Amino acid sequence: ISVSETTTIKAKAFKTDMTPSDVATAVYNIVVTPTITVTEETVPAMSAVVGNTDTETITVNGLNLTGNITLAVTGTNPSLFTLSTYSIAPTEGTVTDESVTITYTPTAAGSHTATLTLSSAGAEDVVRSLSGSAVEVPNVIITEVYGGGGNSGATYTHDFVELYNTTESSVE
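Residues numbered from 1 in each chain as written. Predicted model: local features only at pLDDT ≥ 70, side-chain atom pairs only at ≥ 80, totals over all residues. Heavy atoms only, no water.

1. Focus: the nonpolar core
The condition is simple: Definition of nonpolar core: a set of buried residues of the types Ala, Val, Leu, Ile, Met, Phe, Trp, Tyr and Cys, connected through side-chain atoms within 4.5 Å. For every residue, the accessible area obtained with a 1.4 Å probe (protein chains only) is divided by the maximum for its type, and the residue is called buried under 20%, exposed over 50%, and partly exposed between those limits. Here a helix means four or more residues in a row that DSSP labels H or I, a strand means two or more in a row labelled E, and each is numbered from the N terminus. Here, two residues are considered to be in contact whenever any of their heavy atoms come within 4.5 Å of each other.
Ranked by internal contacts, the top residues of the largest apolar core, which has 27 residues, are Val-60, Phe-81, Ile-102, Leu-116 and Leu-118. Of all the secondary-structure elements, those providing two or more residues to this core are strand 3 (35–38), strand 4 (46–49), strand 5 (54–63), strand 6 (69–74), strand 7 (81–83), strand 9 (95–104), strand 10 (110–119) and strand 11 (126–135). Residue contacts for Leu-118: discarding those within four places in its chain leaves Ile-36, Val-38, Val-60, Ile-69, Thr-70, Leu-71, Asp-125 and Val-126.

In structure tokens, the structure reads:
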């Protein structure tokens, strides 16, 4: 017998030439606990140049849910980490392989952290650490290097390095 909800089962025994037994009753209470799972045990560290982004994707599942799964980013630098969704609605209590993209958008160089928490009524929260590192783009970049000047048969008589200022300001 397959039982997926609270069920009462009644039985009576019969045997030829014997009196039937009394009715035996058993109640089976099925308690289903809402569950949230995230396939990825950890979210890989992200990195980006300041002003650019990096993304990672997690896969969310849920069973026996009675409400939406809510996602929240908290901690030291929550504003630098955004999500593609902050709420996942179950279908008949189930969420299957729902992708959530985490975007890291640093505004300053350095290391940044936050905490991602997934929760739903009656379910144990799922928590993942988020981390990112950012670097500044240099104002001056090397666009060309020539290191053979002055040699026999060389195109140029001197070595040179060509620099490019990526800003409209003078660089010291």
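2. Structural notes on the sheet that holds strand 11
Put simply, the rule reads: A pair of strands is labelled paired if DSSP reports no fewer than 2 bridges between them.
One open sheet holds the five strands; their spatial order is 4-11-10-6-8, and the pairing between them is mixed. Each end of this open sheet is capped by a strand with a single partner; those strands are strand 4 and strand 8 (87–88). Both strand 10 and strand 11 contribute to a ladder of nine bridges, which runs antiparallel. Across the sheet, the residue bridging to Leu-118 is Val-126, located in strand 11.

3. Comments concerning the sheet that holds strand 3
Selection criterion: Each axis is a line fitted through C-alpha atoms, and for a helix only the stretch in contact is used; angles between axes span 0 to 180 degrees, taken between their N-to-C directions.
The four strands lie next to each other as 3-5-9-7, forming an open sheet whose pairing is antiparallel. Either end of the sheet is taken by a strand with one partner, and the two such strands are strand 3 and strand 7. Along the sheet, successive strands turn relative to each other by an average axial angle of 30 degrees, direction set aside. The sheet contact formed by strand 5 and strand 9 spans eight bridges and is antiparallel. When the sheet's bridge partners are listed, Thr-55 is paired in strand 9 with Thr-103.

4. Some remarks on the packing of aromatic side chains
For any two aromatic rings, the description comes down to two numbers: the centre-to-centre distance and the angle of the planes. Condition: Only Phe, Tyr and Trp rings take part, Trp by its six-membered ring, and two of them pair if their centres are within 6.5 Å. Stacked means planes under 30 degrees apart, edge-to-face means over 60, and tilted covers everything else.
Evaluated as defined, the whole model comprises one aromatic pair. Seen from their ring centres, Phe-81 and Tyr-104 are 5.1 Å apart, and the 25 degrees between their planes marks the pair as stacked. With Phe-81 in strand 7 and Tyr-104 in strand 9, the pair connects residues that are 23 residues apart, well separated along the chain. The same class applies to Phe-81 and to Tyr-104, which are both buried.

5. Points about the environment of Ser-169
Within the secondary structure, Ser-169 sits in the segment after strand 13 (160–165). With a relative accessible area of 48%, Ser-169 lands in the partly exposed category. Each C-alpha atom, one on Ser-169 and one on Asn-139, is 9.3 Å from the other, the two residues being 30 residues apart in sequence.

6. So, the environment of Val-60
Within the element layout of this structure, Val-60 appears in strand 5. Owing to a relative accessible area of 0%, Val-60 belongs among the buried residues under this scheme. Sequence separation of Val-60 and Glu-40 is 20 residues, and the distance between their C-alpha atoms is 8.9 Å.

7. Describing unusual backbone geometry
Positive phi values are uncommon outside glycine, yet Glu-92 reaches one of about 50 degrees. Within the element layout of this structure, Glu-92 appears in the loop between strand 8 and strand 9. Judged by its relative accessible area of 83%, Glu-92 is exposed. A positive phi angle is found at Asp-97, which is not glycine, with a value near 45 degrees. Along the chain, the position of Asp-97 falls in strand 9. Overall, Asp-97 belongs to the exposed group, its relative accessible area being 52%.

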